[in-house]
Amino acid sequence: MNIVQLNEFEKARKGLSSQEAVGLLRECREVTLRQLSAALVRMMGKVDDALFELAEKAENNTVQSLYFDAMREVRLKRASMEIGFKAQLMEGFNREIRKESESADTAKTASPRMNEMDLVEHDALEETLAVANMVSKVDVGCKEELGPLNRRIGYLLNDPDLARAKNPIGPEVICNAFREACGDVESGIKVKLIIMKLFDRYVVSEEMLPLYREINRLLIERSVLPELRHEVKRANSPRARPQNAAASAAGGANTTEGAAPSDEDVFATLQQLMFRAVPGGVPGGIVLGGPAGNGMGMGGGAGFMQTLTQLQQGNSELVAGGIGNLSNVDLMSGSVNVIRNIQSSAIVGNVGAADGMIIDVVAMLFDYILDDTDIPPAMKALIGRLQIPMLKVGMLDKSFFSRKAHPARRLLNLLAEAAVGWNGEQDQALYKKVESVVQRVSIEFESDVSLFGTLLEDFEDFMSKERQKAAHLEEQSARMVQGKERLRLAKQRVRIEAERRCQTAIPKFVRQFLVSYWQNLLLVTFIKEGEESIAWKRNLTTMDNLVWSLQPKTTALERDRLVKLLPSLLRLLREGMSLVSMREDDFQAFLEQLASTHAAIVNAVPRETGAAGVAGDTAMPLLVDDPLTVLAVEDGEPVQEDRIVTTATIHRLVETGDIDVEEITLGDEDPAVQQIEDEFIERVRGLQQGMWVEFTQDDGNNLRAKLTWISPVTGVYLFTNRQGLKACDKTLHGLAAELRRGNARVLDDAPLFDRAVNSLIDGLRKQAAG
């Protein structure tokens, strides 16, 4: 196997060292592997349900068998397919990095030209066309992200136009990797194309754009062609924010339409807006003196910084000396805008214009942060204790405002991102970790900004481990919901089969037996063996024979047939009841009633009928066509399912591992929800996996949960908490109803600092316009 040694990649490019380019390529590769591998795991969890649904709708038994065989094969090969995809993705990445002649040959094999297609085997051609369609979809649907990404990757490879190789994380490499991973599927091209279609739907359509957006963001933060700007539209997403707010607000800024301010002009834009919005340019009322940027009061720059450090570390004597209306409690609570009090105090002294501007900008940013309802109050109080440290960073390094990759800015964003999913006392690990970060900043940070890089790396490592633990539980939670859906579909199917037989004129004790016991045997058989199994068909036939045995026998031939049938019928009934929870006493009582009824039928005096024996010669039940007879059956005393028996049956299925459910519920339908087509339905349909929603529970407490999985069969939305445990599941209309009532709201987990800056710019622009 050829190994690409990225650390030997020596092509230099202007402004970026070979080592930096190698590191960035490695980061891009790891992000792609991580996100797409996780997406594939989620997608493979949907294959079983999709094939099951297709089997349910199949036109004949042959097609049904094909789908059920495919389900079994995919279950067996799922792990190898997931591993194979990751391996093929890595190999595709390596192949493009190598830029050797073999890559061109491989590309031709993967995507044959039209005049060569007659040489390709039919099945391979179908696969090739499926891949081509997916690639084309990505090229069109992800154009706004893929175009800049191609140029950035080309820049890293020192191949600006990607003339020698394809984008190693481009759609062709990714889609062909999945095609290769499906190579061992033996159920035929029809099934293979279904699986590829699911990959198209759940990975290509849902994951590629967010992936490319994330990698572009990463590369922009690392200053790789940051001038390649574009507006990314995110319909139906609360994350959508005006990307060009600063440029449009500044009016005279030299930016193109739809462009966000570059890393260099954000602070300049804020300055322009503040001077336009407020006479003197400093809304906070700081008295400016001295040359711009000279740093300050309390004995100059060093003195002011020392004063801020003392406040940061909780110097109560300094607070007692008078800093606005600030108290020691306020200083340490994190819930009060401390910087506003600093602005109105004497400690600012002769602050220079530029530094006064920084103080006011940070104060306004924390106005937004402290009012943000998307962060839980307790977590917001911890983040609020970073006000003075962030002010110091801004005064020491103005790139803090403009450079998204600044470690202090990234740390602030990451703390807020983690806080969005925090659920109070039940998640002490996260709270203690955030608290420890804040404490280290408060105690250790004086003027060395590198501390934030150290803390950022440590917190990222913590969150990475937390996500890994949660991923396993999320997958388990999804399996539980899948099991619940599978159980519900199975119960619906067996109920239909039992109720169909109960429409025949049969004694009540037999109807009760079918609904309470035989129906549960069918449930076990359906889940364990499937509806194409011999056991399923045998149990249906036994039920049909039981029903037929209880119909009047009008000829001697029918009575003889009944007598011959009874031994095998009774044996099959006993075998069936050994698999469900029917007590022996109850079964014996049922057999006694059944024997009496059969005796009466056999000993009955035959009536003269014309062609009665014709119907009696069939093994199928004589279904009642006379509406008066059906009415008589329906008007008879109803029978109810024995819920104790059903619960015991499901418990055994769970214990034997045939089905996974988190709880056993006997109801099949969700509570009635008014089905209204409005903007709330569209908002639910626009939700993406990974988004957070806050639910108001019946006890008034709030629950924050992440959308983890959407069922391809029933459309159920599964939500899990930060640890990956199931929080709740909702139907489309049920979730829309909660949004409509205000019992649920979608949280905005876009970077906090970015949201604060956008809000500040928007507010200043309106103020300037007014």
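Below or above, wherever it landed, is the structure these notes cover. A quick note: this is a predicted structure, and the numbers were derived from the prediction, not measured. Residue indices follow the written sequence of each chain, beginning from 1 at its first position. Since the coordinates come from a predicted model, pLDDT governs what is reported: local features require at least 70, and pairs of side-chain atoms require 80 or more to be given and counted, while whole-chain, interface and lining totals use all residues. Neither water nor hydrogens contribute to the side-chain values; these are computed over all heavy atoms in the structure.

Quick word on the overall build of the protein
For step 1, the next point in the chain: If you tally the helices and strands in the protein, you get 30 helices and five strands.
For step 2, the next point in the chain: Note on exposure labels: buried denotes an accessible area under 20% of the residue type's maximum, exposed denotes more than 50%, and partly exposed covers the range between, all computed with a 1.4 Å probe on protein chains only. For the protein, the residues scored as buried account for 51% of the 770 residues in total.
For step 3, the next point in the chain: What makes two residues a contact is simply this: any of their non-hydrogen atoms within 4.5 Å. In the protein, of all internal contacts separated by at least 6 residues, the share reaching a separation of at least 24 is 74%.
For step 4, the next point in the chain: A total accessible area of about 35600 Å² is found for the protein, and carbon and sulfur atoms account for 51% of it. Helix and strand labels come from DSSP, where a helix needs a run of H or I of at least four residues and a strand needs a run of E of at least two; each type is numbered from the N terminus. Areas reported here follow the Shrake-Rupley algorithm with a probe of radius 1.4 Å; residue values treat only the protein chains shown as occluding.

Regarding the packing of aromatic side chains
For step 1, the next point in the chain: Only centres within 6.5 Å qualify two rings of Phe, Tyr or Trp (six-membered ring in Trp) as a pair; their planes then separate them into stacked at under 30 degrees, edge-to-face at over 60, and tilted for everything else. Counted according to the given criterion, the structure contains 17 aromatic pairs.
For step 2, the next point in the chain: Measuring from centroid to centroid gives 5.3 Å for phenylalanine 400 and phenylalanine 401, while their planes differ by 70°, and the two rings are edge-to-face. Per residue, the accessibility class of phenylalanine 400 equals that of phenylalanine 401, and both read buried.
For step 3, the next point in the chain: Owing to a relative accessible area of 1%, phenylalanine 400 belongs among the buried residues under this scheme.
For step 4, the next point in the chain: Joined through ring pairs, the aromatic side chains of Phe509, Phe513, Tyr517, Trp518, Phe587 and Phe590 make up one cluster.

Some remarks on the environment of leucine 594
For step 1, the next point in the chain: Structurally, leucine 594 is set in helix H24 (residues 584-602).
For step 2, the next point in the chain: Owing to a relative accessible area of 1%, leucine 594 belongs among the buried residues under this scheme.
For step 3, the next point in the chain: In sequence terms leucine 594 and leucine 546 are 48 residues apart; their C-alpha atoms lie 9.7 Å from each other.
For step 4, the next point in the chain: Those residues in contact with leucine 594 that lie beyond four places of it in its chain are Phe509, Leu546, Leu550, Leu570 and Leu573.

Let's talk about the side chain of serine 442
For step 1, the next point in the chain: Turning to its location among the elements, serine 442 is positioned in helix H19 (residues 428-444).
For step 2, the next point in the chain: Serine 442 has contacts with Gln312, Gln313 and Arg385, leaving out every residue within four places of it along the chain.

A closer look at helix H15 (residues 377-384)
For step 1, the next point in the chain: Burial runs high along H15: six of the eight residues are buried.
For step 2, the next point in the chain: For H15, the set of buried residues is Met379, Lys380, Ala381, Leu382, Ile383 and Gly384.
For step 3, the next point in the chain: Of the surrounding elements, those touching the buried residues of H15 are helix H12 (328-333), helix H14 (353-371), helix H16 (387-396), helix H18 (407-420) and H19.

Some details on the packing of H18 against helix H20 (residues 450-502)
For step 1, the next point in the chain: In contact at an axis separation of 9 Å, H18 and H20 are set at 30° when each is read in the N-to-C sense. In terms of their interaxial angle, H18 and H20 are classed as roughly parallel. Considering the relative orientation of H18 and H20, their crossing is left-handed. Between H18 and H20, the contacting residues are Pro407, Ala408, Arg410, Leu411, Leu414, Leu415 and Ala418 on the first element and Phe452, Gly453, Leu455, Leu456, Phe459, Glu460 and Met463 on the second.
For step 2, the next point in the chain: For the contact of H18 with H20, the per-class residue count stands at eleven nonpolar, one polar and two charged. Geometry is summarised by axes, namely lines fitted to C-alpha atoms with helices restricted to the contacting stretch, and by angles between N-to-C directions that run from 0 to 180 degrees. Throughout, the term roughly parallel applies to angles under 35 degrees, roughly antiparallel to angles over 145, roughly perpendicular to angles from 65 to 115, and oblique to all others. Two helices that cross are described as forming a left-handed crossing if the nearer one is turned anticlockwise from the farther one by less than a right angle, and a right-handed crossing if clockwise. Think of it as three bins: nonpolar holds Ala, Val, Leu, Ile, Met, Phe, Trp, Tyr, Cys and Pro, charged holds Asp, Glu, Lys and Arg, and polar takes everything else, Gly as well.

Quick notes on the pattern of salt bridges
For step 1, the next point in the chain: One speaks of a salt bridge when a side-chain nitrogen belonging to Lys or Arg is within 4 Å of a carboxyl oxygen belonging to Asp or Glu. Across all of its chains, the model carries 51 salt bridges by this definition.
For step 2, the next point in the chain: Of the charged contacts, one joins glutamate 207 and arginine 42 as a salt bridge, the two residues approaching to 3.2 Å between their closest N and O atoms. Of the two residues, glutamate 207 sits in helix H7 (residues 189-221) while arginine 42 sits in helix H1 (residues 18-56), which places them 165 residues apart along the sequence.
For step 3, the next point in the chain: By relative accessible area, arginine 42 is classed as partly exposed at 26%.
For step 4, the next point in the chain: Taking the shortest distance from any N to any O, the salt bridge between glutamate 497 and arginine 493 comes out at 3.2 Å. Residue glutamate 497 and its partner arginine 493 are both found in helix H20; the two are separated by four residues, about one turn of the helix. For the pair formed by glutamate 497 and arginine 493, the shared burial category is buried.
For step 5, the next point in the chain: In the salt-bridge network here, residues are joined through shared partners; they are Glu56, Arg493, Glu497, Arg501, Glu531 and Asp544.

Examining the sheet that holds strand E5 (residues 744-746)
For step 1, the next point in the chain: Strand pairing is defined by DSSP finding a minimum of two bridges between the two strands. Spatially, the five strands line up as an open sheet ordered E4-E3-E2-E1-E5, and their pairing is antiparallel. What marks the edges here is a single partner per strand, and that holds for strand E4 (726-730) and E5. When the angles between neighbouring strand axes are averaged without regard to direction, this sheet yields 35°.
For step 2, the next point in the chain: The pairing of strand E3 (residues 717-720) with E4 spans four bridges and is classified as antiparallel. Looking at the pairing, tyrosine 717 lines up with lysine 730 of E4.

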